[in-house]
Amino acid sequence: MASFKEIVTKAIIGKAKKTSVSEFSITPELKPDTILGCWVINHRFNGVNNGGIVNIDGNFDVNVWYSYDNDTRTAVSTQTFNYQDKMPVHLKDNATLTNNEEIIVRSLKQPTVTNVSVSDGVVKLNVEKELGVEVVGDTKIKVPVEDTDDEEKLI
């Protein structure tokens, strides 16, 4: 006859994902005429539980390559931008979010510049990114256990 046992294990008890577009501006040292390129590097982030909502603090560097002096010279301007995102997490099986769970944040789509323009020496750009959150916590699973009457012989 089969009986059941409960096993306590770590598993993903909640997930969330969020895509966002944010606007930033850079004022280069020299007045830009034309934007030649723009890219995002060094994306760093961390998530913490705050009363059932995961707060993500992150930053990245934006490099803007531009021409100046009537498009006769080029330069690169770099600036670090900080951001904060709040992500409500859908928890499975009526789980509750406490400070004992592990918060895993992943970049599902690296930050990318989607639009850039120059106006009065200021470079305005839109950065799109997608972050995913997984919450790992304790959960129980039930497994069937068969009782056997066979005696195992030790050699």
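In what follows, the structure referred to is the one given above.
So, how was this worked out
Residues numbered from 1 in each chain as written. Predicted model: local features only at pLDDT ≥ 70, side-chain atom pairs only at ≥ 80, totals over all residues. Heavy atoms only, no water. Helix = DSSP H or I, 4+ residues; strand = E, 2+ residues; numbered from the N terminus. Rg over C-alpha atoms; globule rule 2.2 N^0.38 Å. Contact = heavy atoms within 4.5 Å. Areas by Shrake-Rupley, 256 points an atom, 1.4 Å probe, with all protein chains shown as cover. Pairing = 2+ DSSP bridges. Axes fitted to C-alpha atoms, helices over the stretch in contact; angles between N-to-C directions. Buried < 20%, exposed > 50% of the residue type's maximum accessible area, 1.4 Å probe, protein only. Phe/Tyr/Trp six-rings, centres within 6.5 Å; stacked < 30°, edge-to-face > 60°.

*Asks:* Help me out: how do you make sense of the overall build of the chain in this one?
*Replies:* Along the chain, the regular secondary structure elements total zero helices and seven strands. Reading the chain from its N end, one meets helices and strands in the order β-β-β-β-β-β-β. Over its C-alpha atoms the chain spans a radius of gyration of 25 Å, topping by over 25% the 15 Å that the globule rule assigns to 155 residues. Residue pairs at least 24 apart in sequence account for 73% of intrachain contacts in the chain once pairs closer than 6 positions are excluded. Just so you have it, the chain exposes about 10,500 Å², and 46% of that area is on carbon and sulfur atoms.

*Asks:* What is the right way to look at the sheet that holds strand β3 (residues 53–68) in this model?
*Replies:* As a general point, the strands of a sheet are linked pairwise by backbone hydrogen bonds and lie either parallel or antiparallel. The strand order β2-β3-β4 describes an open sheet built from three strands, whose pairing is antiparallel. Two strands lie at the open edges of the sheet, namely β2 (34–50) and β4 (73–88), each paired on one side alone. For this sheet the average axis-to-axis angle between neighbouring strands, irrespective of direction, equals 15°. Two elements, β3 and β4, share 16 bridges in a ladder whose sense is antiparallel. The partner of Y66 across the bridge, within β4, is A75.

*Asks:* When you look at the pairing of strand β7 (residues 122–146) in this model, what are you seeing that I'm missing?
*Replies:* Along any regular strand the residues' side chains alternate between the sheet's two faces. Pairing of strand β6 (residues 102–119) with β7 involves 14 bridges; the strand directions are antiparallel. Residue N115 lies in a different strand from β7, and its bridge partner there is N126. Where β6 folds back on β7, the antiparallel hairpin that results is connected by two residues, among which D120 adopts a positive phi of roughly 55°.

*Asks:* What's the story with unusual backbone geometry in this structure? I'm lost.
*Replies:* Glycine aside, negative phi is the norm for most residues, and most peptide bonds take the trans geometry. Positive phi outside glycine occurs at N42, with the angle close to 55°. Locating N42 in the fold gives a position in strand β2. Within the chain, N70 stands out as a residue other than glycine whose phi angle is a positive 55°. Looking at the element boundaries, N70 is found in the loop between β3 and β4. Residue N70 is classed as exposed on the basis of its relative accessible area of 66%.

*Asks:* Hey, could you run me through the packing of aromatic side chains in this one?
*Replies:* The geometry of an aromatic ring pair is captured by two quantities: the separation of the ring centres and the angle between the planes. Tallied over the full model, the rule gives five aromatic pairs. Measuring from centroid to centroid gives 6.2 Å for Y66 and Y68, while their planes differ by 50°, and the two rings are tilted. The exposure class of Y68 is buried, given its relative accessible area of 14%. Members of the aromatic cluster, joined through ring pairs, are F24, F60, F81 and Y83.

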